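Fold and geometry: a report
Spelled out, the chains give:
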Amino acid sequence: MAETKLLLEHAHDPSYRTLDGYLAKGGYAGLKRALGMDRQAVIDQVKASGLRGRGGAGFPTWIKWNGIEKDKHAPHHFMLCNADEGEPGTFKDKQLMEETPFLVIEGMTIGGYATQADTGYVYIRGEFVDAARAMRKAIDEAYAAGYLGKNILGSGYDFDLHIHMGAGSYECGEESALMSSLMGERGMPRLKFPHAPLPTVAGLWDLPTVINNVETYAVAPFILERGGEWYSTLGASTKNSRGTKVFSVSGHVNKPGNYEIDFGTTLLDLFALAGGVKGTLKACVPGGSSVPMIDADACSKAVIGYEEMAEVGSMVGSGGCIVLNDQVCIVKFIWRTALFYANESCGKCTPCREGTRWLLQILERIVKGNGQPGDKELLLEICSQIDGRSFCGLGDAAAWPVVGAIKAFPQEFDYYIANGRSMVESDLVLVG
Ligand SMILES: Cc1cc2nc3c(=O)[nH]c(=O)nc-3n(C[C@H](O)[C@H](O)[C@H](O)COP(=O)(O)O)c2cc1C
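What you see is a predicted model, and the numbers here were worked out from it, not measured in a lab.

Criteria and cut-off values
- Residues numbered from 1 in each chain as written.
- Predicted model: local features only at pLDDT ≥ 70, side-chain atom pairs only at ≥ 80, totals over all residues.
- Heavy atoms only, no water.
- Domains from an automatic or database assignment.
- Contact = heavy atoms within 4.5 Å.
- Buried area = accessible area lost by both parts, 1.4 Å probe.
- Salt bridge = Lys/Arg side-chain N within 4 Å of Asp/Glu carboxyl O.
- Nonpolar A, V, L, I, M, F, W, Y, C, P; charged D, E, K, R; others polar.
- Helix = DSSP H or I, 4+ residues; strand = E, 2+ residues; numbered from the N terminus.
- Polar contact = N/O pair within 3.5 Å; in protein donor to acceptor, adjacent residues only side chain to side chain.
- Pairing = 2+ DSSP bridges.
- Near = heavy atom within 4 Å.
- Areas by Shrake-Rupley, 256 points an atom, 1.4 Å probe, with all protein chains shown as cover.
- Expected span 1.5 Å × (residues − 1).
- Buried < 20%, exposed > 50% of the residue type's maximum accessible area, 1.4 Å probe, protein only.
- Axes fitted to C-alpha atoms, helices over the stretch in contact; angles between N-to-C directions.
- Parallel < 35°, antiparallel > 145°, perpendicular 65-115°, else oblique.
- Left-handed = near helix turned anticlockwise from the far one by under 90°.
- Disulfide = S-S within 2.5 Å.
- Patch = residues over 30% accessible without salt bridge, like charges linked within 9 Å, V, L, I, M, F, W, Y side chains within 5 Å.
- Phe/Tyr/Trp six-rings, centres within 6.5 Å; stacked < 30°, edge-to-face > 60°.
- Lys NZ or Arg CZ within 6 Å of the ring centre and 35° of its normal.
- Core = buried A, V, L, I, M, F, W, Y, C linked by side-chain atoms within 4.5 Å.

**Examining the domain arrangement of the protein chain**
- Its domain assignment divides the protein chain into domain 1 (14-232), domain 2 (244-325) and domain 3 (331-419).
- Counting from both sides, the interface comprises 16 residues of domain 1 and, opposite them, 21 residues of domain 2.
- Both faces combined, the contact of domain 1 with domain 2 buries some 1400 Å², and carbon together with sulfur accounts for 47% of it.
- In this assembly, domain 1 and domain 2 are joined by two salt bridges.
- For Glu 307, the salt bridge identified is with Arg 52, shortest N-O distance 3.2 Å.
- Split into classes, the residues belonging to the side of domain 1 that touches domain 2 amount to four nonpolar, seven polar and five charged.

**Some remarks on the side chain of Ser 318**
- For Ser 318, the position within the fold is in the loop between α14 (306-311) and β9 (320-325).
- Side chain to side chain, Ser 318 and Thr 90 meet in a polar contact 2.9 Å long.
- Not counting the four nearest positions on each side in its chain, Ser 318 is found in contact with Arg 54, Gly 55, Gly 56, Glu 87, Thr 90, Lys 92, Lys 245, Val 246, Gly 287 and Gly 288.

**A closer look at the sheet that holds strand β5 (residues 244-251)**
- Spatial ordering of the open sheet is given by β6-β5-β9-β7-β8, a layout of five strands whose pairing is mixed. Bordering the open sheet on either side are β6 (257-262) and β8 (294-295), each of which pairs with just one other strand.
- Here four bridges tie strand β7 (residues 281-285) to β9, and the two strands are oriented antiparallel to one another. Opposite Val 285, over in β9, you have Ile 322 as the bridge partner.

**Structural notes on the site of the ligand**
- Gly 55, Lys 64, Glu 85, Asn 213 and Thr 216 are the nearest of the 19 residues found near the ligand.
- Here Arg 54 contributes a backbone N or O atom positioned 3.3 Å from an oxygen atom of the ligand.
- Protein coverage of the free-state accessible area of the ligand, which is 610 Å², stands at 88%.
- Only β4 (209-213) and α18 (393-408) provide two or more residues apiece to the shell around the ligand.
- No other element matches β4, which puts three residues into the shell around the ligand.
- Counted by class, the shell around the ligand contains three nonpolar, nine polar and seven charged residues.

**Re helix α15 (residues 330-344)**
- For α15, which comprises 15 residues, the first-to-last C-alpha distance of 21 Å matches the rise-based estimate of 21 Å (1.5 Å per residue) to within 8%.
- With 11 of 15 residues buried, α15 is to be regarded as a mostly interior element.
- Turning to α15, its buried residues number three or more, namely Ile 330, Val 331, Lys 332, Phe 333, Ile 334, Trp 335, Thr 337, Ala 338, Phe 340, Tyr 341 and Ala 342.
- Of the surrounding secondary structure, the elements contacted by the buried residues of α15 are β7, β9, α16 (350-367), α18 and α19 (410-419).

**Some remarks on the packing of α15 against α16**
- Following both chains from N to C, one finds α15 and α16 inclined at 150°, their axes separated by 9 Å at the closest point. Looking at the two axes, α15 sits roughly antiparallel to α16. Where α15 crosses over α16, the handedness of that crossing is left-handed. Where α15 abuts α16, its residues Val 331, Lys 332, Ile 334, Trp 335, Ala 338, Leu 339, Tyr 341, Ala 342 and Asn 343 lie against Thr 356, Arg 357, Leu 360, Leu 363, Glu 364, Ile 366 and Val 367.

**Concerning unusual backbone geometry**
- A cis amide bond links Phe 193 with the next residue in sequence, Pro 194, at an omega value of 10°.
- The topology assignment puts Pro 194 in the loop between α8 (175-182) and α9 (199-202).
- One non-glycine residue, Asn 151, adopts positive backbone phi at about 50°.
- Position of Asn 151 among the secondary structure elements: in the loop between α7 (129-144) and β3 (160-165).
- Notably, Leu 153 is not glycine yet its phi reads approximately 50°, a positive angle.
- Here Leu 153 shows up in the loop between α7 and β3.

**Details of the state of the cysteines**
- Inspection of every chain in the model, using the stated rule, returns zero disulfides.
- The thiol of Cys 321 is unpaired, and the distance to the nearest cysteine sulfur, on Cys 284, comes to 3.6 Å.

**What about a nonpolar patch on the surface?**
- On the surface, Phe 193, Leu 198 and Val 201 cluster together into a nonpolar patch covering about 270 Å² of accessible area.
- Mapped onto the fold, Leu 198 is located in the loop between α8 and α9.
- By relative accessible area, which is 38% here, Leu 198 ends up partly exposed.

**Quick look at the packing of aromatic side chains**
- Taken as a whole, this structure holds 14 aromatic pairs when the rule is applied.
- Every member of this aromatic cluster is reached through a ring pair, and the members are Tyr 16, Tyr 22, Tyr 28, Phe 102 and Tyr 147.
- Taking the ring centre of Phe 391 as reference, the NZ or CZ of Lys 348 above it sits at 4.6 Å.

**Quick notes on the sheet that holds strand β2 (residues 119-124)**
- One open sheet holds the four strands; their spatial order is β3-β2-β1-β4, and the pairing between them is parallel. Single-partner strands in this sheet number two, and they are β3 and β4. Averaged over neighbouring strand pairs, the angle between their axes works out to 20° when direction is ignored.
- Bridge count for β2 against β3 is six bridges, and the pairing is parallel. Across the sheet, the residue bridging to Val 122 is Ile 163, located in β3.
- Strands in contact with helix α10 (residues 214-226) are β1 (78-83) and β4; relative to β4, the strand with the most contacts, it is inclined by about 95°.

**What to know about the nonpolar core**
- By size, the foremost hydrophobic cluster in this structure holds 59 residues, and its most contacted members are Tyr 28, Trp 65, Met 97, Val 122 and Phe 159.
- Apart from residues no more than four positions distant in its own chain, Tyr 28 is found in contact with Leu 19, Tyr 22, Leu 23, Phe 102, Ile 105, Glu 106, Ala 142 and Tyr 147.
- Formed by 35 residues, the second largest nonpolar core is a distinct cluster that contains Val 285, Cys 383, Ala 405 and Tyr 416.

Below, the structure written as structure tokens:
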């Protein structure tokens, strides 16, 4: 099984990070094509491509782009790039920004043209200093050569692009919290549709705003250059997932890293691309730490696609694929995951603020050997009170991994609670 190379084809070539090198490899052909088209025709290409957002939820990109009211005379329309990438296990956006910055910039400019945006922001995770430097350098080069700024390539279209550094908060990857943070407010979520207008109607400073993930934008140049129909042929064996997806593969594989595959590839083929599993496969968290883990049997049946992954009980998510071998204690692994979500809860709503703390307390007493009868059931009950009840998706993200692990490995929880120690004699995860 060969790796598909679209976004990452030239990622390891340093010249691709310069405008000249990017142009030499066919860069900006997509934008040039887009600027000669009607704005709606650009959106129609994205629709034909079947592109779904790569940030986690898999929402059809064209619907967001099409949601900006046509001919609305707002003082600004915004194009926002979510480059916060806080989900444990996911590190693809970092590589895309560091090694293919012009793809992201070109994609945002195409999106900006299609949605009448005059201003764009790339909201970059605070720790991603190298990514921010690479983006800064590329943005400066693009301005100097007329690919950003006033009258781009003589088309009459103006687009300014700014970088905004986050401060290392997972919550600020949630789109409404990201917008709050960008506007100088606390990074907390806002009410969502249908209780509040969509960002395309009232986003940043209550003006029309499109927000997409780094990888989503990086795809747009290829769709415009080669056509939406062409893109939709990739992954056509799946129900409704088209194109390629970059997976960050980590954990017990021989060659951890980012791998780009066509949708429709099996999960085992992805492991093989990453050099194969180190030791005996036990489980995998396929889409970033917030998605439910699946056991080895489910891994062997899993086909990578939004609907296909749901059939085996998990999700594509943001593509952070964490591979676990039989040396891993699932209870300790989930305790560590719960610690992350409890730390990152912004505290705005009760189910998440209290629920994530409570999950952590129970998991902590279990891993310290003080589990009590009924703790497994209590964990599930708390998760059911968080899932779907928190103000934003962070609560769900904290509950799903716990439920997934208990479903896939109930015996490990039972054993730990009954015996005060792990079934797995391994100290891979240290209990602090
Ligand atoms: C707690 C939380 C954290 C999130 N973090 C990110 C993130 O770091 N990057 C990202 O692209 N999307 C993140 N999302 C999803 C965004 O809210 C949003 O759906 C996404 O940026 C939309 O882009 P897309 O349609 O291109 O996927 C997060 C969601 C939640 C609930």
